[in-house]
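Architecture and fold: a report
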Protein chains: 2
Amino acid sequence: MTSHAYYNQQNHGPYELVDVGALPLISGETLHQCRLAVATFGQLNAARNNAILIPTWYSGTSRIIADVFIGAGRAIDPGTYFIIIVNQIGNGLSSSPHNTQGPQARGHFPKIAIADDVSAQYRLVTEHFGVQQLALVMGGSMGAQQAYEWAARYPSMVQRLATIAGTARTSPINQVISDAIIHGLRADPQFKGGEYADSTNVSEGLKQHARLMTLHGLSPEFFESGHYTSLRFASVGEFVEGFMTPYFETMDPNALITQLEKWRGADVSHITGGDLRAALGRITARTCVLPITQDQFFPPSVCEAEARLISDATCKSIDSPFGHLALFGADANWLRLLDMELKALLR
Amino acid sequence: MTSHAYYNQQNHGPYELVDVGALPLISGETLHQCRLAVATFGQLNAARNNAILIPTWYSGTSRIIADVFIGAGRAIDPGTYFIIIVNQIGNGLSSSPHNTQGPQARGHFPKIAIADDVSAQYRLVTEHFGVQQLALVMGGSMGAQQAYEWAARYPSMVQRLATIAGTARTSPINQVISDAIIHGLRADPQFKGGEYADSTNVSEGLKQHARLMTLHGLSPEFFESGHYTSLRFASVGEFVEGFMTPYFETMDPNALITQLEKWRGADVSHITGGDLRAALGRITARTCVLPITQDQFFPPSVCEAEARLISDATCKSIDSPFGHLALFGADANWLRLLDMELKALLR
């Protein structure tokens, strides 16, 4: 399989495919050919110092990142900044199981780490764009994990850091969640070790994926107070059937598993032998840590604890009954407050 | 299969099997032979008015209920009360898929409702024990659902009601949780529509069941603050591998699914055409609603809202970092505070 009904320019473009070559992975394997799907907005200035890098979150692409964060008058304004949205490896647009040929195709796609994404993105930023200074690296969820890795590994390159609804190290309970979600996909008899003929064959596994994303992606308040009605669904059942299931069931199970395993293993302290304090202590960027108060994956207490290990960091928890999936942009109030924080950081 | 390595007198006894006959179910089907496994403590007094009825929770049996709640000097004191612990239908001791012969065996066991349990228990209490007045009906979780059903259906029989960590109607989001847990068992290729040769063959499904019970049964605080160390586990991973998985993987998937479907459909308002206010308004028992503050299944706000629909009810939320599984009795402080509430109710 090289084409996929969901992962294409029509649904997620425009983006450019940049070949950054063979990528040595921290697992010891090599990704034979690493292509990054990249969408840019605005112009790089003459001083080459107005670039903002935004890696994608789990299951998302450059399209939703642009829709949620970028706009004239917004904090991330293409009139001021050169904005690079880079799709994470395995997200379906960048090198992924379904679009890779040969021995690393589909069920044989290698295990990728957040660190590997940042290695590939370093090549993209320095070699393809000729940028040595990033005004801001920001990301939500798994995008925050990539942003933490950037700021800890290349502190002199990252002037500012904004990590939204994410942590530098995946918590043990989030590893149990990722195990459960991965199992839900792999247990489908049609999954066949990732060698299914068509991703829609894995519909039972994808439906279970949607259920588990519903249970953890939103907040108890979202369901108890009926916030799904703001999205025009009359009941929780209709919200699951009408939004969560169709949103996720068009995706590719191998791509989701590649990203889930990456999330499961994320730990910025791989650069300091497991010492999180030392790893976050390397960050010199002016940092804004922005948890979502009702987030079930990344509770503010965990985000705050990490922020305290960064020399120049503030932590501001922003309320949203949407929980983690406030990232989707449906909560205008959350977006407004987030923009205020990002504007203050960029000022 | 009629015997099972887990469901027997050695592990869960002593209990008596009481045949209450063919049981018409609210689905329209009939359970051909309904046997209830019953453990009693203490003596019925001459006035026959000192009986306490305690139905079991999800996956639990009379053994754990007795261990957690009953004792000399405790609120539920066998020196004062005649205590009847009745195992819910499908829990592995009472009539269940694995111990039923003929056309309703295993994968063909009929769908049971909370209302059906209460119908069977009514026969047990009135016909087998000759009791017309219950000093208290109490239960935790699915046991609370049975207790609510008792108090709403037979108000004149139930003097007092204590519902711990449970609701009278399963919330829509808990229906999504139960769907996810059921799917996790059924998706195991070894499940074979419930016709597996041995329940241990369904080990992958049972491991997934343990993961999902871990994610919802405890509380974020339990994991963030490392309360698993009080159970002598060094990490979340060891807690899942060393406690949750072995605890649940010895159970029978068909039994778990029978109970999960019962939980999914629980709704006391079936007696009032869907009107919860009317159903709970029927309750005349002196009622104590006892949610667990950190419960992920049954948050205090939902329990409190139900308590307000009962004429003589108080609601007291008791703190436990164990969340829902404080019911297992490992949090001595929660047990102590619970006993105080139950003693006050019985005074």
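Structure first, text after, so check above.
1. Details of the pairing of strand E6 (residues 82-86) of chain B
Residue and element names in this part refer to chain B. Judged by how many residues are buried, E6 sits mostly within the fold: five of five residues are covered. Of the pairings in the sheet, the one linking strand E4 (residues 35-41) to E6 comprises four bridges and is antiparallel in character. When the sheet's bridge partners are listed, Phe-41 is paired in E6 with Ile-83. Running through helix H2 (residues 62-69), the crossover from strand E5 (residues 51-55) to the neighbouring parallel element E6 is right-handed.

2. Let's talk about the state of the cysteines
Residues and elements named next belong to chain A. For the structure shown, the criterion picks out zero disulfides over all chains. Take Cys-303: it sits in no disulfide, and the sulfur closest to it among the cysteines is that of Cys-315, at 6.4 Å. Judged by its relative accessible area of 1%, Cys-303 is buried.

3. Regarding the relation of the copies chain B and chain A
Overlaying chain B on chain A yields an RMSD of 0.0 Å, the required transformation being a rotation through 180° with an accompanying axial translation of 0.0 Å. What we have between these two chains is a two-fold relation. With an isologous cut-off of 70% or more, the 100% of interface residues of chain B that recur at the interface of chain A puts this contact in the isologous class.

4. Remarks on the environment of B:Ile257
Of note, B:Ile257 is situated in helix H9 (residues 253-265). In this structure, B:Ile257 is in contact with B:Ile182, B:Leu185, B:Arg186 and B:Phe191, ignoring residues within four places of it in sequence.

5. As for the side chain of B:Thr214
Structurally, B:Thr214 is set in helix H6 (residues 203-217). Look past the residues within four positions of B:Thr214 in its chain and what remains in contact with it is A:Ile173, B:Phe223, B:Phe239, B:Val240 and B:Met244.

6. Quick word on the sheet that holds strand E7 (residues 134-140) of chain A
Residue and element names in this part refer to chain A. On the basis of which strands lie adjacent, the open sheet formed by eight strands has the order E1-E4-E6-E5-E7-E8-E9-E10 and mixed pairing. Every interior strand has two partners, whereas the edge strands, strand E1 (16-19) and strand E10 (313-315), have only one. Geometrically, the sheet is characterised by an average inter-axis angle of 20° between neighbouring strands, direction not taken into account. With three bridges connecting them, strand E5 (residues 51-55) and E7 associate as parallel partners.

7. Details of the packing of aromatic side chains
Note on aromatic pairs: each is described by the distance of the centres and the angle between the planes. Per the counting criterion, the structure on display carries 42 aromatic pairs over all chains. On the numbers, 6.3 Å between centres and 65° between planes, the contact of B:Phe223 with B:Phe239 is edge-to-face. Here B:Phe223, found in helix H7 (residues 220-224), pairs with B:Phe239, found in helix H8 (residues 236-249); they are 16 residues apart in sequence, far enough to count as distant. Take B:Phe223 and B:Phe239: they sit in the same class, and that class is buried. Connected via pairs of aromatic rings, a cluster forms that spans A:Phe222, A:Phe223, A:Tyr228, A:Phe233, A:Phe239, A:Phe243, A:Tyr247, A:Phe248, A:Phe322 and A:Phe328.

What counts, and where the lines are drawn
- Residues numbered from 1 in each chain as written.
- Chains lettered and ligands numbered in written order.
- Predicted model: local features only at pLDDT ≥ 70, side-chain atom pairs only at ≥ 80, totals over all residues.
- Heavy atoms only, no water.
- Buried < 20%, exposed > 50% of the residue type's maximum accessible area, 1.4 Å probe, protein only.
- Helix = DSSP H or I, 4+ residues; strand = E, 2+ residues; numbered from the N terminus.
- Pairing = 2+ DSSP bridges.
- Right-handed = clockwise from strand over helix to strand, strands pointing away.
- Disulfide = S-S within 2.5 Å.
- Least-squares fit on C-alpha atoms with pLDDT ≥ 70 in both.
- Contact = heavy atoms within 4.5 Å.
- Axes fitted to C-alpha atoms, helices over the stretch in contact; angles between N-to-C directions.
- Phe/Tyr/Trp six-rings, centres within 6.5 Å; stacked < 30°, edge-to-face > 60°.

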